[in-house]
Amino acid sequence: MTTAIIPLPIAIPLIVAAFLAFAGKGIGRRACDLLAIATAAANLWMTAIILRGTWSQPQVYWFGNWWPRTGGVALGISFVVDAFGAALAMLVSLLTIAGLIFSWKIFEDTENHFQPLMLIFMAAMCGFSYTGDLFNLFVFFELMSVSAFALCGLKTLEPAPLQGAFNFAIVNTIGAFMIVMGIGLLYARTGALNFAQVGRSLGTHADALVLLAFLLIVVGYLAKAAIVPFHFWLADAHAVAPSPVCVLFSGVMVELGIYAVARIYWTIFAGSLAGHAHELRLIFIVMASITAVVGAVMCYAEHHLKRLLAFSTIAHSGLMLVGVGLLSPGALAGFVLYVLSHGVIKGGLFLCAGIVLHRFQRIGEDHLHGCGRGMWFTAALFILGAWGLAGAPPFATLLGEHFVSHSAEAVRLHWPVYIFIFAEVLTSAAVLRIAFRIFFGWGQPAPSDKSSQIEEKPETEQSHERTPAAMFLPAAALILLGIVLTFLPQIQSRASASAHEFANQSAYARSVLENVQITSTHKGEPENLSSSIVHSCIALLLSVLLALSTVFRDKLGRAVNFTRSLELGNSLLRRAHSGHPGDYVAWLSFGTAVVGLAFLWWLH
Amino acid sequence: MSSRTRTVFFLCSAAGLAFVFAWGIRDLPPLGDYRGPYGNVVTQVAVYERHPTDVVNAINYDYRGFDTLGEEFIFFASVLGVLLLFRPAGDEDKKGKRETKLEDALPISDTLRVSMQAMVGIMIVFGVYMATHGQLTPGGGFQGGVILASAPLVVYLSGNVKTFEAIVSSPLVKLAECGGAAGYAAIGMAALLFGAHFLTNIVPFGTTGDLFSSGTIAVISAVVGLEIAGGFVLLMQNYLREIIEERLRKEK
Amino acid sequence: MLAYLPYAIAAWVFLWGLYGIVTSKNLVHQVVCVAILQTSTYVLLLAIGYKVGGTAPVFADIPVGTSVVDPLVQALMLTDIVVEAAVMALLLSMVVKANELAGTVDPEELRFLMG
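Residues numbered from 1 in each chain as written. Chains lettered and ligands numbered in written order. Predicted model: local features only at pLDDT ≥ 70, side-chain atom pairs only at ≥ 80, totals over all residues. Heavy atoms only, no water.

1. Things to note about the overall build of chain C
The criterion, for reference: Counting from the N terminus, the helices are DSSP H or I runs at least four residues long and the strands are E runs at least two residues long. Atoms counted for the radius of gyration: C-alpha only. Globule rule: 2.2 Å times the number of residues to the power 0.38. We call two residues in contact when some of their heavy atoms are within 4.5 Å. Only the protein chains shown count as covering a residue, and every accessible area follows the Shrake-Rupley method with a 1.4 Å probe. When charges are tallied, Lys and Arg are placed among the positive residues and Asp and Glu among the negative ones, while His and the ends of the chain are skipped. Every charge is mapped to an atom, namely NZ of Lys, CZ of Arg, CG of Asp or CD of Glu.
For chain C, the helix and strand inventory stands at three helices and zero strands. Listing each helix as α and each strand as β along chain C from the N terminus yields α-α-α. A compact globule built from 115 residues would reach a C-alpha radius of gyration of about 13 Å, whereas chain C, at 19 Å, exceeds it by more than 25%. With respect to the principal axes defined by its C-alpha atoms, chain C has extents near 60 × 35 × 20 Å. Across chain C, the fraction of contacts at a sequence separation of at least 24, relative to all contacts at a separation of at least 6, is 52%. Approximately 4,200 Å² of chain C is accessible, and the part contributed by carbon and sulfur atoms is 70%. Mean positive and mean negative side-chain charge positions of chain C (4 and 8 charges, respectively) differ by 6 Å.

Following this line, the structure appears as structure tokens:
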């Protein structure tokens, strides 16, 4: 049963999207919304069944019945669904439903093109999580990107959304074509496009060609994942995209870039780069740490709600790259748990930002001071979201952080845990600061800056007295899911076991090319979370203190003057985020060159 | 960054990139020395397994047909995106503005008019030929669809603006586009009804070299041609409208 | 040396495309430079698939088993071209719309997203 429905989460939304594109104007706005929500709900159900079917054993699905030939030559395209991919697809469907329900109350004038684009976006991300073929991964990457570009530039009454969408499109398209070059180079060496077959053909030694292919592919996917210095597009895109779309961008699209790097490394390059794992690990962790620090610092310096949350996504994306970059199964388990929990929490926070925009028609922290007094539930959601971003119990981000820090210790790297704490403190404090200022009206209004005036045009026509249930319920459900995830039965052991399967290159190749089912023999021990709980409670405490000192700066005097410079940000760093696409591409080239030279120097 | 800083910064990075490329490219097999198994295996088996004569399209629509489905939807999503971006703002008088749009075309010379009118028939026939003969000759749905979509453009260039407007506003165009897109996925789903995997070929293969051969490859090729033709016609309509609208704005 | 020329050309065109995007003063020019960058991938793919003495992989009038060039890279390139067309269409529509709203296509003047 599971195998039969594997292609459906991709095929069905695509057919419904085509139908909606044709008949959308005829059947009216509400029917389109209902059909889209029903399709997303059907996807959620199907991806849940697939997750249950692949919980302990990956399933391989060959399109067109093109099973591999003797000798392990794969002519067709395969989907290789394991628990990680299935869980990600479920997250995609969940966030799409939340976004579609949220948008019930907005977008009066999209001629019903919004719903089909969301469905295509969802189908593309599900396909991306399931696939086992290099070029198929690229095709879904592009499908995901094109629908994202279109959704980002949705609000066409102002030039800013178009500029944001343009910057997004230019950087991601260049990344995509780097991926194609990398795929071409791998094909030249191995004559195959299937992950398992390429991995087998590469053997155990990596020469300069393999390194170049690895560089191009990794840079392309990390550009999507908004790792410094490929990250500039993300803040622009989030500042101008509608809230339900931002939910999908930050909740799962960015994380899929890092997932792609993990998948490609472990199925293709693990064997050939094994000799240089230590150097590669350091390169990844340095990039990830710089991303986390830059993202966190810029997050605190922003006063535009959505841009602030966008920079916090960049910071957390860096933390997730730490998980993958440690190149160990334990850290991979942490990565997946972090993706799932961060996805729902960040999604919920973006919906809350959308609620604020809906109620008050403004999104800058300086203009919203004290406006939210009385909105207790939304305030509670913001505070819970900040709590989750700090990685404190009972949120599942704690579990993710635990596995990653543990694995870092195992390879004798003691400093990633401090990067985690730094990023978590600043991003969580930024959200708390917003909550204190907007919903409680504490302290003086925030300093005003140019970025907080971006996109003041609201998503609905006039300000409203009450928050509609269609907006509030998805936000609350998502944030509460961040807590529920922690207590799902066997989640820790299953994540750990799946991570060990994920990282087993030869077992993967055998199950794909020879249809041999390998059962996992990894026995996870119950984890001792106490040290992580201590770290995360310290992080939460620090973030509350930082937020309070910033908000009450005038009353506390000179001791907390540093909060003012934190809030204004580093002017050089801010000037680098200039909104000019040429700048972004220059940074992209710089980053690629530096990483490429690092690969050649240390890995060759 | 200032323009000069940016250029200098980029040139340094480009030098580094060029070095990395040069280092990696040295290890590629030299031009003409194709080694990989994929091409060798597929050229041996494709004609026997599916009876096409064009192996490239056999790969495109059968062996790797799922990629092509994704690619078709990339184009579909992009057309949707363009329609979304060019939609009329709420306060414009939709009907009134749109009707006068394409009437304001620039005057056309007689040479252009006559030659374009002669071209229309040729383009339609050639486009349909390309799209339906994908399994036999190089070409196929994408190429045929683009040629077919150029036919209305040629009508526009020949000065028959009213005919052009009638063609592009017809719901058949949207039906072709959406039907083509959904049709491909539906052909894939049809295989599921027979208990096979998605996009398995369930139509009889016929004889190699015949028009009705190679099963679903021919059907998919035609369906893709429809979608691409419809999509490009919609794109052209929207772009032309925007351009003329801008010219009118400038003239005011 | 000559055997590596197409690959070198692909890298060269890629870098030129990047240069064009970075130094451009017009959004339409930038979009066209992205298209140029994409053509470098076509050159690379086709060069990889070439086989000396091979002919087109169409067996209409040649027997199966004749030496032909690799058909897969041509299929990949077809997909690539359609992707390029789709992305170009969308990018250009963004530029046209931005011009309509802001009156300019100079990226230096479109500074709505600073900081």
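2. What about the overall build of chain B?
Applicable threshold: We call a residue buried when its accessible area falls under 20% of the maximum for its residue type, exposed when it is over 50%, and partly exposed in between, using a 1.4 Å probe and counting protein chains only.
The number of helices and strands found in chain B is ten helices and zero strands. In chain B, the succession of helices and strands from N to C terminus is α-α-α-α-α-α-α-α-α-α. Projected onto the principal axes, the alpha-carbon positions of chain B cover approximately 65 × 55 × 40 Å. The 252 residues of chain B split such that 56% are buried. In chain B, the proportion of contacts linking residues at least 24 apart, taken out of those at least 6 apart, comes to 73%. Carbon and sulfur atoms provide 69% of the accessible area of chain B, an area that totals close to 10,200 Å². Charged side chains of chain B number 20 positive and 23 negative; the gap between the two group centres comes to 9 Å.

3. Points about the interface of chain C and chain A
Rules: In short, buried area is how much 1.4 Å probe accessible area vanishes from two parts on joining, totalled over both. Salt bridge criterion: a side-chain nitrogen from Lys or Arg within 4 Å of a carboxyl oxygen from Asp or Glu. All amino acids are sorted into three groups, where Ala, Val, Leu, Ile, Met, Phe, Trp, Tyr, Cys and Pro are nonpolar, Asp, Glu, Lys and Arg are charged, and the leftover types, Gly among them, are polar.
Every contact between the two is made by 40 residues of chain C and, on the other side, 50 residues of chain A. Buried surface at the junction of chain C and chain A, summed over both partners, amounts to about 3,900 Å²; 78% is from carbon and sulfur atoms. One can count zero salt bridges joining chain C with chain A. Counting residues per element, the ones that place at least two in the side of chain C that touches chain A are helix 1 (5–23), helix 2 (27–49) and helix 3 (71–102) of chain C. The biggest single contributor to the side of chain C that touches chain A is helix 3 of chain C, with 15 residues. Residues of the side of chain C that touches chain A, tallied by class, amount to 29 nonpolar, six polar and five charged.

4. Focus on the interface of chain B and chain A
Where we set the bar: Pairs of N or O atoms are called polar contacts if they sit within 3.5 Å, as long as, within protein, a hydrogen donor faces a hydrogen acceptor (for residues adjacent in sequence, only side-chain-to-side-chain pairs).
Listed as interface residues are 62 residues of chain B and, on the opposing side, 75 residues of chain A. With both chains or domains summed, chain B and chain A bury close to 5,900 Å², and 74% of this area falls on carbon and sulfur atoms. Contact with chain A buries surface across chain B, with Phe66, Arg87 and His197 of chain B losing the most and accounting together for 13% of the total. Here chain B and chain A share three salt bridges between them. Residue Arg6 of chain B is joined to Asp583 of chain A by a salt bridge in which the shortest nitrogen-to-oxygen separation is 2.5 Å. Here chain B and chain A share 16 residue pairs in polar contact (both at pLDDT 80 or more) between them. Among the elements that make up the side of chain B that touches chain A, the one with the highest residue count is helix 4 (residues 65–85) of chain B (14 residues).

5. Quick look at the confidence of the model for chain B
Interpretation of the predicted coordinates at a detailed level should be avoided for regions scoring low in pLDDT. What counts is decided by this rule: Confidence of the predictor at the level of single residues is given by pLDDT, which spans 0 to 100.
With 93% of its residues at a pLDDT of 70 or more, chain B shows a mean pLDDT of 86. Note on residues 91–100 of chain B: pLDDT is under 50 here. Beyond four places in sequence and across chains, it has eight contacts.

6. A closer look at the packing of helix 7 (residues 159–190) of chain A against helix 1 of chain C
As a reminder, the rule being used: Axis definition: a line fitted to C-alpha atoms, limited for helices to the stretch in contact. Angles are taken between N-to-C directions and run from 0 to 180 degrees. Angle categories: roughly parallel below 35 degrees, roughly antiparallel above 145, roughly perpendicular from 65 to 115, and oblique for all the rest.
Remark: helix 7 of chain A packs on helix 1 of chain C, axes separated minimally by 13 Å, with the N-to-C direction vectors making an angle of 175°. Here helix 1 of chain C runs roughly antiparallel to helix 7 of chain A, going by the angle between their axes. Facing helix 7 of chain A, whose interface residues are Ile170, Ile174, Met178 and Met181 of chain A, helix 1 of chain C presents Ala10, Phe14, Leu18 and Ile21 of chain C. Broken down by class, the residue content of the contact of helix 7 of chain A with helix 1 of chain C amounts to eight nonpolar, no polar and no charged.

7. A closer look at a nonpolar patch on the surface
Residues and elements named next belong to chain A. Our working definition: Note that patches include only residues with greater than 30% relative accessible area and no salt bridge, and the join distances are 9 Å for like charges and 5 Å for nonpolar side chains (Val, Leu, Ile, Met, Phe, Trp, Tyr).
A cluster of nonpolar side chains, contributed by Leu282, Val286, Ile290, Trp415 and Tyr418, occupies part of the molecular surface with about 470 Å² of accessible area. Broken down by element, the nonpolar patch gets its largest block of residues, three residues, from helix 12 (residues 277–301). Among the structural elements, Val286 can be located in helix 12.

8. Some points on helix 20 (residues 505–513) of chain A
Since one α-helical turn is 3.6 residues long, residues separated by three or four positions face the same way. Residue and element names in this part refer to chain A. Among the nine residues of helix 20, seven are classified as buried, and the element is accordingly described as predominantly covered. Tucked inside the fold, the buried residues of helix 20 contact strand 1 (59–62), strand 2 (78–81), helix 8 (195–202) and helix 11 (243–269). Directly after helix 20, the chain includes Asn515, whose backbone phi takes a positive value near 55°.

9. Observations concerning the environment of Val52 of chain C
Examined against the element boundaries, Val52 of chain C turns out to sit in the loop between helix 2 and helix 3. Separated by 51 residues in the primary sequence, Val52 of chain C and Gly103 of chain C place their C-alpha atoms 53 Å from one another. When sequence neighbours within four positions are dropped, the list of residues in contact with Val52 of chain C reads Leu31 and Gly32 of chain B.

10. What to know about the packing of aromatic side chains
Quick reminder of the rule: Each aromatic pair joins two rings of Phe, Tyr and Trp (for Trp, the six-membered one) with centres within 6.5 Å, and gets the label stacked for planes under 30 degrees apart, edge-to-face for over 60, and tilted for any other angle.
With the rule as written, the count across this model stands at 52 aromatic pairs over all chains. Ring geometry for Phe63 of chain A versus Phe198 of chain B: centroids 5.8 Å apart, planes at 85°, classification edge-to-face. Of this pair, Phe63 of chain A sits in the loop between strand 1 and strand 2 while Phe198 of chain B is found in the loop between helix 9 (171–193) and helix 10 (216–251), placing the two residues in two different chains. With respect to burial, Phe63 of chain A and Phe198 of chain B carry one shared label: buried. With a centroid separation of 4.7 Å and an interplanar angle of 5°, the aromatic rings of Phe168 of chain A and Trp233 of chain A are classed as stacked.

11. Topic: helix 17 (residues 416–439) of chain A
Residues and elements named next belong to chain A. Applied cut-off: For a helix, the expected span equals 1.5 Å multiplied by the residue count minus one.
The end-to-end C-alpha distance of helix 17 is 34 Å, a good match for the 34 Å that 24 residues give at a rise of 1.5 Å each. Burial analysis of helix 17 places 22 of its 24 residues in the buried class, which makes it a mostly covered element. One or two positions beyond helix 17, positive phi appears at Gly441, with a value near 70°.

12. A few points about the packing of helix 9 (residues 208–224) of chain A against helix 11 of chain A
Residue and element names in this part refer to chain A. Note the threshold: Each crossing is labelled by how the near helix is turned from the far one, with a counterclockwise turn of less than a right angle marking it left-handed and a clockwise turn marking it right-handed.
The geometry of helix 9 relative to helix 11 is characterised by a closest axis approach of 7 Å and an angle of 160° between their N-to-C directions. Looking at the two axes, helix 9 sits roughly antiparallel to helix 11. When the axes of helix 9 and helix 11 are compared, the crossing they make is right-handed. Every residue of helix 11 that contacts helix 9 at Val210, Phe214, Ile217, Val218, Tyr221, Leu222 and Lys224 is listed here: Met253, Val254, Gly257, Ala260, Val261, Ile264, Tyr265 and Phe269. Each residue belonging to the contact of helix 9 with helix 11 can be placed in one class, and the counts come to 13 nonpolar, one polar and one charged.

13. Considering the pattern of salt bridges
The tally for this structure, following the rule as stated, stands at 22 salt bridges over all chains. When the shortest N-O distance is used, the salt bridge between Arg494 of chain A and Glu501 of chain A registers 3.3 Å. Given a relative accessible area of 17%, Glu501 of chain A falls into the buried group. The shortest N-O distance in the salt bridge between Asp110 of chain B and Arg113 of chain B comes to 4.0 Å. Of this pair, Asp110 of chain B and Arg113 of chain B both sit in helix 6 (residues 110–132), separated by three residues, roughly a single helical turn.

14. Side note on unusual backbone geometry
The bulk of non-glycine residues show a negative phi, and the bulk of peptide bonds are trans. Residues and elements named next belong to chain A. For the peptide bond that leads from Val228 to Pro229, omega is -5°, which places it in the cis range. Assignment of secondary structure puts Pro229 in the loop between helix 9 and helix 10 (232–240). Omega for the bond connecting Pro393 with Pro394 falls within 30 degrees of zero, at 5°, which places this linkage in the cis form. Tracing the backbone through its elements, the reader meets Pro394 in the loop between helix 15 (376–389) and helix 16 (397–410). Not every positive phi belongs to a glycine, and Arg412 is a case in point at roughly 65°. You can see Arg412 is positioned in the loop between helix 16 and helix 17. Residue classification places Arg412 among the exposed residues on the basis of a relative accessible area of 69%.

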